[in-house]
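This is what each chain is made of:
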Amino acid sequence: MRHFGHIPSAKRAGLFHREPAAFTADSPAHTLATALGATLYSPATRPRLADAVRKQAARGVVSMVLCLEDSISDADVEAGEDNLVQEFADLAAGGTDVPLLFIRVREPGQITDLANRLGETIRLLSGFVLPKFTENRGRAFLEALVEAERTSGRRLFAMPVLESPELLHLETRVETLAGIAALTGEYRDRVLALRLGVTDFCSAYGLRRSPEMTAYDVKVVAHVISDVVNVLGRADGTGFTITGPVWEYFRPGERMFKPQLRRSPFLEGRAEDLRTALIEHDLDGLLREIELDRTNGLLGKTCIHPTHVVPVHALSVVSHEEWSDAQDILRPERGGGGVLRSAYTNKMNEVKPHRAWAERILLRAEVFGVAKEDVGFVELLTAGLAG
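Because the structure is predicted, anything quoted here is derived from the model rather than measured.

**Focus on the nonpolar core**
For soluble globular proteins, the rule of thumb is that nonpolar side chains tend to be buried together. Counting residues in each nonpolar core, the largest one holds 83 residues, and the members touching the most others are Phe 88, Ile 103, Phe 128, Leu 162, Leu 196, Ile 225 and Val 228. Counting residues per element, this core draws most heavily on helix 10 (residues 219–232), which supplies six residues. Setting aside its immediate chain neighbours within four residues, Ile 225 contacts Leu 196, Val 198, Ala 215, Tyr 216 and Leu 298.

**Brief notes about the side chain of Arg 104**
Mapped onto the elements, Arg 104 comes out in strand 4 (residues 100–104). Only 2.4 Å separates the side chain of Arg 104 from the side chain of Glu 69, close enough to count as a polar contact.

**Remarks on unusual backbone geometry**
Trans peptide bonds make up the majority, and among non-glycine residues the majority have a negative phi. Positive phi, close to 65°, is recorded for Phe 4, a residue that is not glycine. When you line up the elements, Phe 4 lands in the segment before helix 1 (9–15). The residue Lys 132 is not glycine, and still its phi comes out positive at about 45°. A relative accessible area of 27% places Lys 132 in the partly exposed class.

**Details of helix 10**
Look at helix 10: 20 Å from first C-alpha to last across 14 residues, which is about the 20 Å you get at 1.5 Å a residue. All buried positions along helix 10 are accounted for by Val 221, Ala 222, Val 224, Ile 225, Val 228, Val 229 and Leu 232. Take helix 10 and look down its axis: the buried residues cluster within an arc of 160°, on one side only.

**A word on the pairing of strand 2 (residues 38–43)**
Where burial is concerned, most of strand 2 is hidden: five out of the six residues are buried. Two strands pair when backbone bridges link them, and strand 2 and strand 9 (residues 301–303) are joined in this way by three bridges, in the parallel orientation. The residue bridging Thr 39 from the neighbouring strand is Thr 302, located in strand 9. The sheet contact formed by strand 2 and strand 3 (residues 63–67) spans five bridges and is parallel. Residue pairing across strands places Leu 40 opposite Met 64, the latter belonging to strand 3. What joins strand 2 to strand 3 is helix 3 (residues 49–58), and the crossover it makes is right-handed.

**Describing the sheet that holds strand 3**
Strand order in the open sheet formed by eight strands is 8-7-6-5-4-3-2-9, with parallel pairing between adjacent strands. Looking at strand neighbours, the two that pair on one side only are strand 8 (242–243) and strand 9, the edges of this open sheet.

**Side note on the environment of Phe 102**
Considering the arrangement of structural elements, one finds Phe 102 in strand 4. Note on Phe 102: relative accessible area 1%, which makes it buried. Taking the C-alpha atoms as reference points, Phe 102 and Met 213, 111 residues apart in sequence, are found 29 Å from one another. Residues in contact with Phe 102, not counting those within four places in the same chain, are Leu 36, Met 64, Val 65, Leu 66, Leu 125, Ser 126, Gly 127, Phe 128, Val 129, Phe 157, Met 159 and Leu 192.

**Some thoughts on the side chain of Ser 42**
Mapping Ser 42 onto the fold places it in strand 2. Taking the relative accessible area as the measure of exposure, Ser 42 reaches 4% and is therefore buried. If near-sequence neighbours (up to four positions away) are discounted, Ser 42 is found in contact with Leu 49, Met 64, Val 65, Leu 66 and Cys 67.

**Let's talk about the packing of helix 6 (residues 135–152) against helix 8 (residues 170–186)**
Relative orientation of the contacting elements helix 6 and helix 8 amounts to 15°, with a least axis distance of 9 Å. With respect to each other, helix 6 and helix 8 are oriented roughly parallel. Note that helix 6 runs across helix 8; the crossing there is right-handed. On helix 8, the residues that touch Glu 135, Gly 138, Arg 139 and Leu 142 of helix 6 are Gly 179, Ile 180, Ala 182, Leu 183 and Glu 186. Residues of the contact of helix 6 with helix 8, tallied by class, amount to four nonpolar, two polar and three charged.

**What about the environment of Arg 12?**
Locating Arg 12 in the fold gives a position in helix 1. Distance in space between the C-alpha atoms of Arg 12 and Leu 380 is 9.3 Å, their sequence separation being 368 residues. Those residues in contact with Arg 12 that sit more than four places away from it in its chain are Arg 2, Phe 4, Gly 5, Ile 7 and Glu 19. Polar contacts involving the side chain of Arg 12 include one to the side chain of Glu 19, which spans 2.8 Å.

**Focus on the pairing of strand 3**
Burial within strand 3 is extensive, with five of its five residues counted as buried. Of the two faces of strand 3, the one lined by Ser 63, Val 65 and Cys 67 and the one lined by Met 64 and Leu 66 are each fully buried. In this structure, strand 3 lies alongside strand 4, joined through five bridges in parallel fashion. In the strand pairing of strand 4, Leu 66 is matched with Ile 103.

**Description of the confidence of the model for the chain**
Note that predicted coordinates carrying low pLDDT should not be read in detail. Here the chain averages 90 in pLDDT, while 91% of its residues score no lower than 70. The model gives residues 252–257 a pLDDT under 50, and that stretch makes 10 contacts with residues more than four places away or in other chains.

**Some points on the packing of helix 5 (residues 108–118) against helix 6**
At a minimum axis separation of 8 Å, helix 5 and helix 6 run at an interaxial angle of 10°. Put simply, helix 5 runs roughly parallel to helix 6. The element helix 5 and its partner helix 6 pack so that their crossing is right-handed. Taking contact as the criterion, the partners of Pro 108, Ile 111, Thr 112, Ala 115 and Asn 116 in helix 5 are, on helix 6, Ala 140, Phe 141, Ala 144, Leu 145, Glu 147, Ala 148 and Thr 151. Across the contact of helix 5 with helix 6, the residue classes tally to eight nonpolar, three polar and one charged.

Basis of the calculations
All residue numbers refer to positions counted from 1 along the written sequence of the respective chain. Side-chain atom pairs in this predicted model are given and counted only at pLDDT of 80 or more, local residue features only at pLDDT of at least 70, and totals for whole chains, interfaces and linings cover all residues. Side-chain measures were taken over the full set of non-hydrogen atoms in the model, leaving aside hydrogen atoms and water. For this analysis, a nonpolar core means a set of buried residues of the types Ala, Val, Leu, Ile, Met, Phe, Trp, Tyr and Cys, connected via side-chain atoms within 4.5 Å. Burial here depends on accessible area, computed with a 1.4 Å probe over protein chains only, as a share of the maximum for the residue type. Under 20% is buried, over 50% is exposed, and the range in between is partly exposed. Secondary structure elements follow DSSP: runs of H or I no shorter than four residues count as helices, runs of E no shorter than two count as strands, and numbering proceeds from the N terminus. We call two residues in contact when some of their heavy atoms are within 4.5 Å. In the analysis that follows, any N or O atom pair within 3.5 Å is treated as a polar contact, provided that within protein one partner can donate a hydrogen and the other can accept it, and provided that, for residues neighboring in sequence, both atoms belong to side chains. Given a helix with a known number of residues, its expected span is that number minus one, times 1.5 Å. The reported arc concerns the directions from the helix axis to the C-beta atoms and nothing else. Here, a strand pair is defined by DSSP locating no fewer than two bridges between the strands. Convention used here: a crossover is right-handed provided that the path from the first strand, over the helix, to the second strand proceeds clockwise when the strands point away from the viewer. Helix axes use the C-alpha atoms of the stretch in contact, all axes being lines fitted to C-alpha atoms, and the angles between their N-to-C directions lie in the range 0 to 180 degrees. Every angle not falling under 35 degrees, over 145, or within 65 to 115 is termed oblique; those three ranges are roughly parallel, roughly antiparallel and roughly perpendicular. Helix crossings get a hand from a simple test, with the near helix turned counterclockwise from the far one by less than a right angle marking a left-handed crossing and a clockwise turn marking a right-handed one. Gly is put with the polar residues, along with every residue not named as nonpolar or charged; the nonpolar set is Ala, Val, Leu, Ile, Met, Phe, Trp, Tyr, Cys and Pro, and the charged set is Asp, Glu, Lys and Arg. Note: pLDDT gives the predictor's confidence per residue, expressed from 0 to 100.

So, in structure tokens, the structure goes:
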């Protein structure tokens, strides 16, 4: 797998100062956690699911969740499990590369049951998504994951979803976060990333953000995100990759606020057409939320529609300026600290305070690449959409 691998090599060479590196499902956990990118969800009951997985992989998707939980009705769970077993056999027979695949379960017993039923096709599975994760509820899921690893001989990762009312409510949040930190720390080697269930947070208060608003405009949600990053996203070795919340897609209605995409980056060539298309599909709000995700310490994003994938990946590419700053900060001779002017002569780089940031930038650069000096997100978006 490689981000932007669906783009012809000649076109890719024109976009990147350093191209995204290839990785596999067996790559180190820190690489995979960074590389998740836009994780596309699909109901496990979907007919011809194997074909859909192959189709999305050819379009640049590198991680998918096949969902047995909220995306299907209670009555369809058994059918969803049967469909997964059948479709994994189809994928295995196809002999083609697949994205990182995860199954979102409802109960711990489904983990061991599915691991047994998948048989040798479990080699295509990277792990399980664990819903409504808390210390009390999560242990049984993680114990089941360990058992599935033991019986299958396959490395399997957990991606807990943080979406419970105990985490949302102010009076129980601190205790809940501490419990989650303790449990995930105990199983650190098996926790690939933590996912945020913002839709569940909103539902607890009867809220739903419009396409003109981001999760960060919903203050009760923004405060939870902040606290999750505070406790679980630290750069001191105790933190985890935390992925951005889902963007709920809406077909355009009457727009109350003016578009959030500035016109100036889109002025050349046919880029104005791209800007118009993004606004018409309410993706200008998505672009803003992706930027806010990254600013607030989140990486990657839960996605429910294929059109969201390329914007997430385009805005995950490291700019040449970011890469230049990170390289300067991490030079061996800078080990003693100090302050230096950036190579772009527009900012101060303070070596010790900016070191953790620089390390994260270089890890992201490894899997998403570094754009050429004159390449911005418009060019990356255009190339990604064209394929």
